[in-house]
Amino acid sequence: MTATLTAPTQVKKPGRPKQNREAIFLFLPALLPVLVLSVYPLIRGIALGFTNARAGLHVDTNFVGFDNFSKLLHNGLFWDSFRIGVIWTLSVTILQFVAALGLALLLNTDIKFRGVARTIALIPWAMPPVVVAIMWRLLLHPTNGPVNEILQNLHLTDHPINFLGNFSTALPAVIVVGIWVGMPMTTVTLLAGLQGIDRTLYEAAAVDGASAWSQFWNITLPQLRTVIVAITSLDMIWNFNSFGLVYVLTAGGPGGKTMLPMLFAYNEAFRYGNFGMAAAMGDVMVVIIIVFLAFYLRNRLRTEA
Amino acid sequence: MRTRSGTRVLQYVAVLCYLIFLGFPLLWLISSSLKSPQEFASITPTLLPKHFDLSNYTDALNEQGLIRGLGNSLQISIYTTILVLIVALPVSYALARFRSRLRPLTNGWILVSQVFPVILIVIPLFMILRPLHLTNTIPGVVIVYMVWSLPFALWMLQGYVAAVPRELEEAASVDGASRLRTIVSIVMPLLRPGLIATAMFTFISSWNEFFFALVLLQDPQLKTLPLVLARFVGAEGQVQFGPLAAASVLATVPSLVFFAFLQRRLTSGLLSGAVKG
């Protein structure tokens, strides 16, 4: 582009290779570390799923084909973990999207204190995941946490609930924390999308007598479609791959009720030393994400076209 | 458009509910960190401490592990930030300015790095770094963080580079300045806000990072702040929640400063600016 703008056309052709050389020179400092510490490990990681690699310095590693995958197929705990992972991912992504859309719509109106509200809405984003987990353990604490105190004062329960320790409440509690953490990112993105919608569309609709609901349904949602598809896809990937938050909140407990796939794989690799097996799980996760995204994006984009 | 007053009231109520949901947890954490141990153990907790008590903070700061964790986190985050800026500046310049074949490749890599679960990368990384004696070292963690902060840093910076008017560079090259000279004396000064934002973002993501640190750092001397905090929680029986809350507040301060600083841009310019690349 620069060449076409600055120089007459006959200089453009010899200018091209020089530009490429310059580009490569500028890329060079990043290229080596990225290749060694990102591209290569990724490829090796995928391949590791087809071996019986184990932790330890001088252990023989052999190619075992699809052995790990057939073992996974017959492992009940693995299936449980994936079921939990899917419930977690879908619940967090969908509920978070609905909540964030509501907040973004409110912040896009002309209410007062919008600036303050926007700042407060960013708080969860600004906190380290480990601190978020510690904080919610305090909030949900059965004896001196405020959530139990409030529920008891409202007579919604007569005994304190150990949210993170009960089989039935642990996963829902963790999902609530997941929604809380991811809301700012989703809200900010949706808000940016809302601000990009042409105001005249609404004015025209209002002249035609369209209700607020029909404006939302026929203007806001279709106009936001690309942003919605983008942010929900990203949220889905991030949630499916999430680790730190739940690791500190429950470490997968009680009784494996919050054992997300990443936690399962982490334990397999670094608690039991089964590198090959853990990598195989990683491979399965990648396949699931890609299949799901392909399906989701194809459907979404088809309705758009 | 006029909004009816009934709707208006509902809107304020809804916003208030959202803000309580999003803001109350942090408020509670801060208030907990200021309560005395006796008040903390009370079974009827109150939102505000009856009297402010800083003993949790002094307790937390007297804890050897915490101070060390703070120091380690600070070191790692600063080194990572400097490295990322050095590497990301030329690359993002090339990404924004040249139509090179490396551009779709880089963008593809940025996407791939989001999709793949870190477990697939961390095991081979561990196997690469171990024979080099870089596991359990700060330089080892720093280079890993650098590589994994790069995608977002590039994505952010190339948006800022694209916003620098090309005409300025052209003027400089007409005046006979080399490409390097142009970058250093024309582009860089104009990029200052972008560089600051990228630096802060990199700092925060290293400061908050948990997973790679968990795998790569076993030595208690080298553990970062998130690891130290997480270990406190693990020891549930004897854990003292007051000092833990205080330490958590301290660990959040850098990110809060960053977000306060960038608040305006985060809600408007940052994202749209970054996509423009």
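Residues numbered from 1 in each chain as written. Chains lettered and ligands numbered in written order. Predicted model: local features only at pLDDT ≥ 70, side-chain atom pairs only at ≥ 80, totals over all residues. Heavy atoms only, no water.

Going by an unreviewed UniProt entry, chain B carries the name Carbohydrate ABC transporter membrane protein 2 (CUT1 family) and comes from Kribbella kalugense. Under the UniProt heading Sequence similarities (unreviewed entry), the entry covering chain B gives this text: "Belongs to the binding-protein-dependent transport system permease family." Here is the UniProt Subcellular location (unreviewed entry) comment for chain B, exactly as written: "Cell membrane". (UniProt positions renumbered as here; feature names shortened; annotations may be inferred.)

Chain A has the name Multiple sugar transport system permease protein in an unreviewed UniProt entry, where Kribbella kalugense is given as its organism. The record held by UniProt for chain A lists under Sequence similarities (unreviewed entry) the comment "Belongs to the binding-protein-dependent transport system permease family."

**Some remarks on the UniProt feature "transmembrane region" (unreviewed entry) in chain A**
Residues and elements named next belong to chain A. Summarizing the sequence annotation, UniProt attributes the feature "transmembrane region" (unreviewed entry) to residues 23-43, 86-107, 119-139, 170-194 and 269-297 in the numbering used throughout. As a span, residues 23-43 carries 100% helix and 0% strand, and end to end its C-alpha atoms are 26 Å apart. The distance from the first to the last C-alpha atom of residues 119-139 is 22 Å, and the span holds 67% helix and 0% strand. (Helix = DSSP H or I, 4+ residues; strand = E, 2+ residues; numbered from the N terminus.)

**Examining the UniProt feature "transmembrane region" (unreviewed entry) in chain B**
Residues and elements named next belong to chain B. This chain's UniProt record puts "transmembrane region" (unreviewed entry) on residues 12-30, 76-96, 108-129, 141-163, 183-204 and 241-262. For residues 76-96, helix accounts for 100% and strand for 0%, while the C-alpha atoms at its two ends are 29 Å apart. Secondary structure within residues 141-163 divides into 100% helix and 0% strand; the distance between the first and last C-alpha atoms comes to 33 Å.

**What about unusual backbone geometry?**
All names here are of chain B. At His133, a residue that is not glycine, the phi angle is positive and equals roughly 60 degrees. Looking at the element boundaries, His133 is found in the loop between helix H6 (118-129) and helix H7 (138-163). Judged by its relative accessible area of 67%, His133 falls in the exposed class. Positive phi outside glycine occurs at Asn136, with the angle close to 65 degrees. Tracing the backbone through its elements, the reader meets Asn136 in the loop between H6 and H7. (Buried < 20%, exposed > 50% of the residue type's maximum accessible area, 1.4 Å probe, protein only.)

**Topic: the UniProt feature "domain: ABC transmembrane type-1" (unreviewed entry) in chain A**
This chain's UniProt record puts "domain: ABC transmembrane type-1" (unreviewed entry) on residues 82-296 of chain A. The straight-line gap between the two end C-alpha atoms of residues 82-296 of chain A is 19 Å; of that span, 73% is helix and 0% is strand.

**Considering the packing of aromatic side chains**
Under the counting rule described, the total for this entry stands at 27 aromatic pairs over all chains. Here Phe243 of chain A and Tyr266 of chain A contribute two aromatic rings whose centre-to-centre distance is 5.1 Å and whose plane-to-plane angle is 55 degrees, an arrangement assigned as tilted. Residue Phe243 of chain A is found in the loop between helix H10 (212-240) and helix H11 (244-249), and its partner Tyr266 of chain A is found in helix H12 (residues 261-271); the two are separated by 23 residues along the sequence. Assigned by exposure class, Phe243 of chain A and Tyr266 of chain A land together as buried. A centroid spacing of 5.7 Å and a plane angle of 50 degrees characterise the contact between Tyr247 of chain A and Phe210 of chain B, whose relative ring orientation is tilted. Within this pair, whereas Tyr247 of chain A is found in helix H11, its partner Phe210 of chain B is found in the loop between helix H10 (192-208) and helix H11 (211-216), the two belonging to separate chains. (Phe/Tyr/Trp six-rings, centres within 6.5 Å; stacked < 30°, edge-to-face > 60°.)

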